[in-house]
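# Examining the three-dimensional arrangement
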Amino acid sequence: MKKILLGACTLMVVAAMTSCDKKAADSKATATDSLATAYGQYVGSMLASDFGSFDRSGNADKKEFVEGMMIAFGNDKSLSTRMGMQVGLQMLNEMNQLKEAGMEMNKAAVMNAFKKVFLADSISMFESAEYSAKFRELYNRAEKEAAQAKADEAAQAPAAVDNVKAGEEYVAKLRSENPNVKTTDSGLSYVIETEGVAPKPEASSTVVVNYTGKHLNGEVFDSTDGRGPATFNLQGVVPGFREGLMLLGKGGKATLYIPGALAYGPNGNQGIGPNEMLVFDVELLDIQE
């Protein structure tokens, strides 16, 4: 370490002695050289601190990153070539985002289609609008298909399958023990303690409710107890909760047994397992149309 420091000091002394004999133009060149070093150090330090967040897969590699920079720095082609590189990188970034969402596209197919249109002698505004509309339509379809594929995969996960079975067995036992347990066509099971006073809320109604949400083992995961009634629009709650409250009038009380398909589905939610059945004790205090 001492030898390196001494060497650096020697270089500084030599540079100081020789700089007196240089012309103004050379001084500017030296300043530019120093600026280049400072710029590289500055950008390097900024990127180094956040480098791990660039690649969400956790496979960020600094050497590969530098290789990419060297390709860009070593490119002495025209502005058009550099613009093409920038567009290509942007497209690859977008394609990777689509891949993460379950919509992986073939790079060769993308490139072939791009060249066919881009290199054509001309393209009308009408044609451009058609391409745009076709992309939006296919994107929406592909997005739905990808979401459905992920949902189907999640639904077949062991935990999701086990939770569906547990919910069905739980309700079957309830119905054998309590004839007041009813089940709707959608699969919601419920027991009404007090029907309440008409009218009943509609799917778009805003309601005031007391509730306690529990897992099948009786553990409470959410409750208005201690914080006062909750006011919300029924469009903002899970389907089973909405359907259950629509069975009651003002002042009505019930216990809802909401299957996973009518709750948080195969993906679950914070503290809620995939396709987990939820139990809610609810009291409809008011309806605010």
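Summary of the structure given here. Source: prediction; values computed, not measured.

## Description of the pairing of strand β7 (residues 278–288)
Residues in a regular strand point their side chains to alternate faces of the sheet. Bridge analysis of strand β3 (residues 206–214) against β7 gives nine bridges, and the strand direction is antiparallel. Residue pairing in the sheet places tyrosine 211 in a bridge with valine 282 of β7. Here six bridges tie strand β6 (residues 253–258) to β7, and the two strands are oriented antiparallel to one another. Across the sheet, the residue bridging to isoleucine 258 is leucine 278, located in β7.

## As for unusual backbone geometry
The amide bond that connects alanine 198 to the next residue, proline 199, takes the cis arrangement and shows omega of 5°. With respect to the helices, strands and loops of the structure, proline 199 is situated in the loop between β2 (189–194) and β3. A positive phi angle, close to 55°, is found at asparagine 275, a residue other than glycine. By the element assignment, asparagine 275 lies in the loop between β6 and β7. Exposure remark for asparagine 275: the relative accessible area of 11% places this residue in the buried category.

## Some remarks on the pairing of β3
In this sheet, strand β5 (residues 230–233) lies alongside β3 in antiparallel orientation, the contact comprising four bridges. Paired with valine 207 across the strands is phenylalanine 232, a residue of β5. Where β3 and strand β4 (residues 220–223) come together, three bridges link them in antiparallel fashion. Bridged to lysine 214 within β4 is valine 220. In this structure, the hairpin formed by β3 and β4 is closed by a connection of five residues, where glycine 218 is found at a positive phi of approximately 90°.

## Quick word on the nonpolar core
In terms of nonpolar packing, the biggest core is built from 24 residues, with Phe232, Phe241, Leu245, Leu256 and Val282 touching the most fellow members. Residue assignment for this core shows that the elements contributing at least two residues are β3, β5, α8 (239–245), β6 and β7. Membership of the second largest hydrophobic core comes to seven residues, among which are Val171, Val181, Val191 and Tyr257.

Criteria and thresholds
- Residues numbered from 1 in each chain as written.
- Predicted model: local features only at pLDDT ≥ 70, side-chain atom pairs only at ≥ 80, totals over all residues.
- Heavy atoms only, no water.
- Pairing = 2+ DSSP bridges.
- Helix = DSSP H or I, 4+ residues; strand = E, 2+ residues; numbered from the N terminus.
- Buried < 20%, exposed > 50% of the residue type's maximum accessible area, 1.4 Å probe, protein only.
- Core = buried A, V, L, I, M, F, W, Y, C linked by side-chain atoms within 4.5 Å.

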